[in-house]
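Tertiary structure, described
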Amino acid sequence: MPAAKQRRISEETRAVYVPLAERLGIHIWKREFEELCCRYLNGYAYDLAVRHNEQTAEARGRGLRYIRQYFSTLIMDKMEEGAIQKVEMDEEPLHTQLRRWATHSSSAPPAPVPRMRVIARDRETCWSCLGQIHRLLPPMPGRLRDYISSPKDRTCT
């Protein structure tokens, strides 16, 4: 497919289908659309970020495992009670990493930011886990996001 057509389709997808998938709550599609658009709209930067992530993947994986294990030991009692259903760790997607790179002037892409999701059965458990997280990592506006005290805007009902 010609590069101009790939670019046009990517721009249309980013403008129409990404917001639609987000409003419908289909986050897997939204993330996949954004990754594909990013790949075709930011070719060289995308390839550079992919290579950088591949080179640092092992060290980042160790860091994610350490954070997950450390946090899991803090909330072990709640996990044994069954009050916490799941603790997930991952990194921000590549398109978000490239968006951060565009706002900062540096020659190398920034490292992906680790993200943690704690899925609790009730609100009290959720607040107590959030309190423990905030004791370890004080809230930093724009950096540490918690969607309990400031929920995401849900435009779809």
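Heads up: these notes are all about the structure in this document. (Residues numbered from 1 in each chain as written. Predicted model: local features only at pLDDT ≥ 70, side-chain atom pairs only at ≥ 80, totals over all residues. Heavy atoms only, no water.)

1. Looking at the packing of aromatic side chains
Applicable threshold: Here a Phe, Tyr or Trp ring, Trp counted by its six-membered ring, pairs with any other such ring whose centre lies within 6.5 Å, and the pair is stacked when the planes are under 30 degrees apart, edge-to-face when over 60, and tilted otherwise. Think of it this way: any DSSP run of H or I at least four residues long counts as a helix, any run of E at least two long counts as a strand, and we number them from the N terminus. Exposure is judged per residue with a 1.4 Å probe applied to protein chains only, and the accessible area is read against the type maximum: over 50% gives exposed, under 20% gives buried, and values in between give partly exposed.
Inspection of every chain in the model, using the stated rule, returns two aromatic pairs. Relative to tyrosine 70, the ring of tyrosine 66 has its centre 6.2 Å away and its plane inclined at 20 degrees; by these criteria the two rings are stacked. Here tyrosine 66 and its partner tyrosine 70 are both found in helix α3 (residues 43-74), four residues apart, which amounts to about one turn of the helix. Tyrosine 66 sits in the exposed class, given a relative accessible area of 55%.

2. What about the state of the cysteines?
As a reminder, the rule being used: Only a pair of cysteine sulfur atoms within 2.5 Å qualifies as a disulfide here.
Enumeration according to the criterion identifies zero disulfides in this entry. Unpaired in this structure, cysteine 37 has its nearest cysteine sulfur neighbour in cysteine 38, at a distance of 8.6 Å.

3. Structural notes on the side chain of aspartate 90
Put simply, the rule reads: Polar contacts, as used here, are pairs of N or O atoms within 3.5 Å; protein pairs need one atom able to donate a hydrogen and one able to accept it. Residues neighboring in sequence count only if both atoms are side-chain atoms. It only takes one pair of heavy atoms within 4.5 Å for two residues to be counted as in contact.
Note on placement: aspartate 90 falls in strand β1 (residues 84-91). Side-chain polar atoms of aspartate 90 contact the side chain of arginine 117, separated by 3.4 Å. Ignoring anything within four residues of it in the chain, the contact list for aspartate 90 reads Arg31, Leu64, Val113, Pro114, Arg115 and Arg117.

4. Regarding a nonpolar patch on the surface
The condition is simple: Residues forming no salt bridge and having over 30% relative accessible area are the ones grouped into patches, like charges within 9 Å of each other and nonpolar side chains (Val, Leu, Ile, Met, Phe, Trp, Tyr) within 5 Å. Method for areas: the Shrake-Rupley scheme with a 1.4 Å probe, in which residue coverage is limited to the protein chains shown. When a carboxyl oxygen of Asp or Glu is within 4 Å of a side-chain nitrogen of Lys or Arg, the pair counts as a salt bridge.
Together, Tyr66, Ile67, Tyr70, Leu74, Leu136 and Leu137 give the surface a local cluster of nonpolar side chains, amounting to about 540 Å² of exposed area. The element that contributes the greatest number of residues to the nonpolar patch is α3, accounting for four residues. Residue position: leucine 136 is located in helix α6 (residues 123-136). Under the relative-accessibility criterion, leucine 136 is labelled partly exposed at 37%.

5. Remarks on the pattern of salt bridges
In the structure shown here, the tally under the stated rule is nine salt bridges. For lysine 30, the salt bridge goes to glutamate 34, with nearest N and O atoms at 3.3 Å. Here lysine 30 and its partner glutamate 34 are both found in helix α2 (residues 27-41), four residues apart, which amounts to about one turn of the helix. A single burial state applies to lysine 30 and to glutamate 34, both of which are buried. Put simply, arginine 117 and glutamate 88 hold a salt bridge, and the shortest N to O gap is 3.5 Å. In this pair, arginine 117 is assigned in strand β2 (residues 114-120) and glutamate 88 in strand β1, connecting sequence segments 29 residues apart. For glutamate 88, a relative accessible area of 25% corresponds to the partly exposed category. When salt bridges that share partners are traced, they join Lys86, Glu88, Asp90, Arg115 and Arg117 into one network.

6. Describing α2
Let me state the cut-off plainly: In a helix, the anticipated span is given by 1.5 Å times the number of residues less one. The arc in question is the one traced by the directions running from the helix axis out to the C-beta atoms.
Taking 1.5 Å per residue, 15 residues should reach 21 Å; α2 reaches 21 Å between its end C-alpha atoms and fits that length. Among all positions in α2, only Lys30, Glu34, Glu35, Cys37, Cys38 and Leu41 are buried. Within α2, the buried residues cover an arc of 165 degrees as seen down the axis, which keeps them to one side. Looking at the packing, one finds that the buried side of α2 touches α1 (3-24), α3 and α5 (94-103).

7. Here's the deal with the packing of α3 against α6
Selection criterion: Interaxial angles span 0 to 180 degrees and are taken between N-to-C directions of axes, which are lines fitted to C-alpha atoms, for helices over the stretch in contact. Reported orientations rely on four angle classes, namely roughly parallel under 35 degrees, roughly antiparallel over 145, roughly perpendicular from 65 to 115, and oblique for the rest. Two helices cross in a left-handed way if the nearer one is turned anticlockwise from the farther one by less than a right angle. They cross in a right-handed way if the turn is clockwise. Under the scheme applied here, ten amino acids are nonpolar (Ala, Val, Leu, Ile, Met, Phe, Trp, Tyr, Cys and Pro), four are charged (Asp, Glu, Lys and Arg), and all others, including Gly, are polar.
Packing of α3 against α6 brings their axes to within 11 Å, and their N-to-C directions diverge by 125 degrees. If you check the angle between α3 and α6, you find them oblique. As α3 packs across α6, the resulting crossing turns out to be right-handed. Between α3, through Tyr70, Phe71 and Leu74, and α6, the contact on the second element is made entirely by Cys129, Gln132, Ile133 and Leu136. Per-class residue counts for the contact of α3 with α6 are six nonpolar, one polar and no charged.

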